[in-house]
Amino acid sequence: MMHLKSLGNRLAAAAALTIALALPSLANAAELYSGSNSDVRTVLYYKASTAALSKFLPAGWELSPFTTAPSAGANLQIEFVDQLYAVDPKGTVGAPYRYVLFGIPVHKTGSSESVLMLFDGLSRGGAGPYGIAETAKDDVNRGVHYNSSPTTVSETWNFEGGGEKVSLQMEFERGPMTLEKGDSHVYSQLKPEFSRIYRYNEAADVVKSGDANHLHGLSLKAEGGKLTAIFDGSESLVSVVSLPVYSRDILVPQP
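Residue positions within a chain follow its written sequence, with the count starting from 1. A pLDDT threshold of at least 70 governs which residues receive local features in this predicted model, and a stricter bar of 80 or more applies before side-chain atom pairs are shown or counted, although totals over entire chains, interfaces and linings include all residues. With hydrogens and water excluded, all non-hydrogen atoms of the structure serve as input to the side-chain values.

Q: So, the overall build of the protein chain: which residues are in play, and what are the values?
A: Secondary structure summary: the protein chain contains two helices and 14 strands in total. Across the 255 residues in the protein chain, those meeting the buried criterion constitute 42%. Of the contacts made within the protein chain by residues no fewer than 6 positions apart, 68% connect residues no fewer than 24 positions apart. Note on areas: Shrake-Rupley, 1.4 Å probe, and residue coverage restricted to the protein chains presented here. When the accessible surface of the protein chain is split by element, carbon and sulfur atoms take 56% of a total near 13,400 Å². The way it works is that DSSP assigns letters per residue, a run of H or I at least four long becomes a helix, a run of E at least two long becomes a strand, and they are numbered from the N terminus. Categorising residues by exposure relies on relative accessible area from a 1.4 Å probe, with only protein chains included: less than 20% of the type maximum marks a residue as buried, more than 50% marks it as exposed, and the intermediate range marks it as partly exposed. Contacts: residue pairs with any heavy atoms within 4.5 Å of one another.

This is the structure:
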């Protein structure tokens with residue numbers, strides 16, 4: 001029989017571990033913690049018209065296409081997000097929602113540091129912290145089929161609002177996962193002085209990249225507003241990445 005003192009010590013240790021896991025990763029003095037979230041994400045990388053994308057560049061910024069796999073050569077990132085859980089800096093849980101974001105890899109003139117700059121999006125939550133998204137209605141359906149054959153995933157995403165419409169239908173075979181963690185720095189095209197840092201953990205399934213391809217079918221339509229000039233038929237798909245597990249802490253750089 002376990003002694004009460006031993007049991008108490010184990011319970012205390014378990015409680016301490018639970019608290020530690022719930023805490024966000026520590027920010028340094030130049031960063032302000034702004035919340036955390038956990039999502040399921042699907043990320044598409046395209047090579048699109050340089051002339052069309054360059055129109056979204058603020059003064060002092062240049063396009064900087066991705067150079068590493070699986071997105072090497074792409075100059076446009078489209079991220080479909082099904083947010084499952086989110087908390088603000090005080091730990092208050094917010095209502096989950098879905099959205100799609102459009103970003104371009106860029107660097108400041110004279111700098112070699114490449115970052116992502118968001119220039120458009122559709123979201124039930126409206127403009128969002130970057131001020132770039134249109135208020136939109138969403139209709140999202142994701143399904144997973146398990147049996148003796150390889151697992152298949154099907155997704156349908158539809159967003160409409162602010163004169164723009166985005167729809168994605170996709171089916172793929174689930175592939176091996178790669179666990180990754182890192183930081184990403186994201187800027188706003190409308191207010192380039194604003195940025196956020198994301199410290200993330202994810203499980204990534206590279207569905208399509210180069211010769212690797214377990215994509216059964218994909219159809220993307222994006223039209224209206226800023227999107228019409230980009231999706232004119234000349235764009236080409238570079239890669240697709242599924243993130244069935246994605247969690248992050250959000251930090252805002254301080255002056």
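Q: Lay out unusual backbone geometry with the relevant residues and their values.
A: Here Ala-69 and Pro-70 are connected by a cis peptide whose omega angle stands at 5 degrees. Residue position: Pro-70 is located in the loop between strand S2 (61–63) and strand S3 (76–87).

Q: Describe the nonpolar core, with residues and values.
A: The nonpolar core is taken to be a set of buried Ala, Val, Leu, Ile, Met, Phe, Trp, Tyr and Cys residues, with the residues joined through side-chain atoms within 4.5 Å. Counting residues in each nonpolar core, the largest one holds 36 residues, and the members touching the most others are Leu-76, Ile-78, Phe-80, Ile-104, Leu-220, Ile-230 and Phe-231. In contact with Leu-76, not counting residues within four places along its chain, are Leu-44, Tyr-45, Tyr-46, Ala-48, Leu-53, Gly-103, Ile-104, Pro-105, Phe-119, Ile-230 and Phe-231. Within the second largest apolar cluster, 11 residues are counted, among which are Tyr-99, Leu-101, Tyr-130 and Ile-132.

Q: Tell me about the pattern of salt bridges, and please be specific about residues and values.
A: Salt bridges are defined as contacts in which a side-chain nitrogen from Lys or Arg sits within 4 Å of a carboxyl oxygen from Asp or Glu. Within the structure shown, the criterion is met by eight salt bridges. Measuring nitrogen to oxygen at the nearest pair gives 3.0 Å for the salt bridge that ties Glu-79 to Arg-41. Of this pair, Glu-79 sits in strand S3 while Arg-41 is found in strand S1 (residues 31–47), placing the two residues 38 residues apart along the sequence. Connected through shared salt-bridge partners, Glu-31, Asp-183 and Arg-199 make up one network.

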